[in-house]
Amino acid sequence: MLTTEENERLTRVGPGTPMGNLLRRYWLPIAVAADVGARPVARRLLGEDLIVFRTGQGKVGIVDRQCKHRRADLLVGVCEDEGIRCGYHGWMFAVDGRCVEQPAEPRLNSRVQIKSYPAQELGGLVWAYMGPQPAPLLPRFDLFVWDDALRDIGECVLDFNWLQAMENSVDPHHVEWLHGRFMNVHNALEAKGAEPVQVLAKRHLKVGFDRFEYGIIKRRVLEGQSEEDEDWKVGHPLVFPIILRVGGGGMDQFQIRVPIDDTHTWHIWYTAYRPGIPFARQATIPKYEVPLFDAAGNRNVDFVDGQDIAAWAGQGTIADRSQETLGASDVGVVLLRRMLQEQLARVEQGLDPLGTVRDESANACITLPMEQNKYGSGARFRDELFAHQAVRYSPIRHEVQALFSQAESSAAPPAAEA
Ligand code: FES
Ligand SMILES: [Fe+2]
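Residues numbered from 1 in each chain as written. Chains lettered and ligands numbered in written order. Predicted model: local features only at pLDDT ≥ 70, side-chain atom pairs only at ≥ 80, totals over all residues.

**Regarding the nonpolar core**
Then, number 1: Membership of the largest hydrophobic core comes to 89 residues, with the highest contact counts inside it found for L28, I30, V52, V126, W127 and A128.
Then, number 2: Among the elements that line this core, the one with the most residues is strand β18 (residues 264–273), at six residues.
Then, number 3: If sequence neighbours within four positions are ignored, V52 has contacts with I30, A31, V36, P40, V41, R43, V60, I62 and V126. (Core = buried A, V, L, I, M, F, W, Y, C linked by C-beta atoms within 7 Å. Buried ≥ 20, exposed ≤ 12 C-beta atoms within 10 Å, placed from the backbone. Helix = DSSP H or I, 4+ residues; strand = E, 2+ residues; numbered from the N terminus. Contact = placed C-beta atoms within 7 Å.)

Okay, here's the thing in structure tokens:
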């Protein structure tokens, strides 16, 4: 349980708030790179309305949504070689926010500057840094840089606070209930999926959480397992402050919960598939929408991520943590809150928060711990993902599954002769 004040401190992300200041110390995804093309794109991040654009020279810029002249919306603007030109009177802003043209003025007022933030592209996403200089490095986490992976990007907008999603990432017990008991009963009642999902319904015998240099490693021992299994020995991480890493069987996923503002979250499923055999290179990373509601307007709870989202939504627009009753099984949630509070204090002291990367030599590819034989079932877990998780909406799922099957059949030992 938190006091109302503590809850505010951990959830609010706008400019000048403690958590807003902390989140501004990290590079955050702001757009899918393929969406930033000939036209500017409007995005809201940490409560600030921004425009993401690509110049004719290929540079990506992030500036205030409203023009510095007379506040027109730069979404009605033109991407040009040198920057973005306001559609109203043609003032042009470079990627660093300098106003470089004021066509109807007798001379350029070179002091005019629009708010701008550094932008970088990595792994098919555009990332923004909204904090103080000197900016840290954009961490090159493995999924974003592997050159032997196919990728896709699923997305949706959640109408509630980001922290509910992150707390779920250190809450292993919910898996056996929400994605085991609830899903199996729901799908049986709806006559969907006659086969109950056994892998996700295994009981947790033990859970563990360890701090590491990028966040928290989550471990579990399920029924039928021991501490010798990868789920305990390796585990998988919550990467501070907004990423959960999941996967198994050659399929790795970041679930990224980007705070749009206090009450909206851009949820990204960034999946990398490594079948271990050659495949045609992707020109762009395909994107898909994850449907949160069914045709009748009810929350879509027949798949894992839809169940998570329904649970988080049910906690409220901003969950009132002053009204909770925590138990021993909430140990991961308590640790996450404590670590976030520690990072708030570090930033208030002018220190870098956990996971800040400033050493170029360590940033070629940051390999994160990740069990592959997840739930003791490896490839079977991957198949469960395709059947029951957001990736079932991916436009490349059949292509990817065919590659994995091909890889498995070519790796299988030859059948014994009769
Ligand atoms: S309002 Fe943008 S140029 Fe006038
Ligand atoms: Fe879940």
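Having seen the model, we can carry on.
**Notes on the sheet that holds strand β4 (residues 60–64)**
Then, number 1: Here we have four strands laid out as an open sheet, ordered β2-β3-β4-β9, and antiparallel in their pairing. Of all the strands in the sheet, the pair left with one neighbour each is β2 (41–45) and β9 (116–117).
Then, number 2: For strand β3 (residues 48–54) and β4, the ladder comprises five bridges, and the chain directions are antiparallel. Across the sheet, the residue bridging to L50 is D64, located in β4. (Pairing = 2+ DSSP bridges.)

**Description of the domain arrangement of the protein**
Then, number 1: Partitioning the protein into structural domains gives domain 1 (32–128) and domain 2 (142–411).
Then, number 2: Each of domain 1 and domain 2 has a C-alpha centre, and these two points are 34 Å apart.
Then, number 3: Listed per partner, the contact involves nine residues of domain 1 and 13 residues of domain 2.
Then, number 4: Counted by class, the side of domain 1 that touches domain 2 contains five nonpolar, three polar and one charged residues. (Domains from an automatic or database assignment. Nonpolar A, V, L, I, M, F, W, Y, C, P; charged D, E, K, R; others polar.)

**Section: unusual backbone geometry**
Then, number 1: With an omega of 0 degrees, the peptide bond running from Q133 to P134 counts as cis.
Then, number 2: Turning to its location among the elements, P134 is positioned in the loop between β11 (125–128) and α3 (142–145).
Then, number 3: For the peptide bond that leads from F240 to P241, omega is -5 degrees, which places it in the cis range.
Then, number 4: Even without glycine at this site, R71 takes up a positive phi of about 70 degrees.

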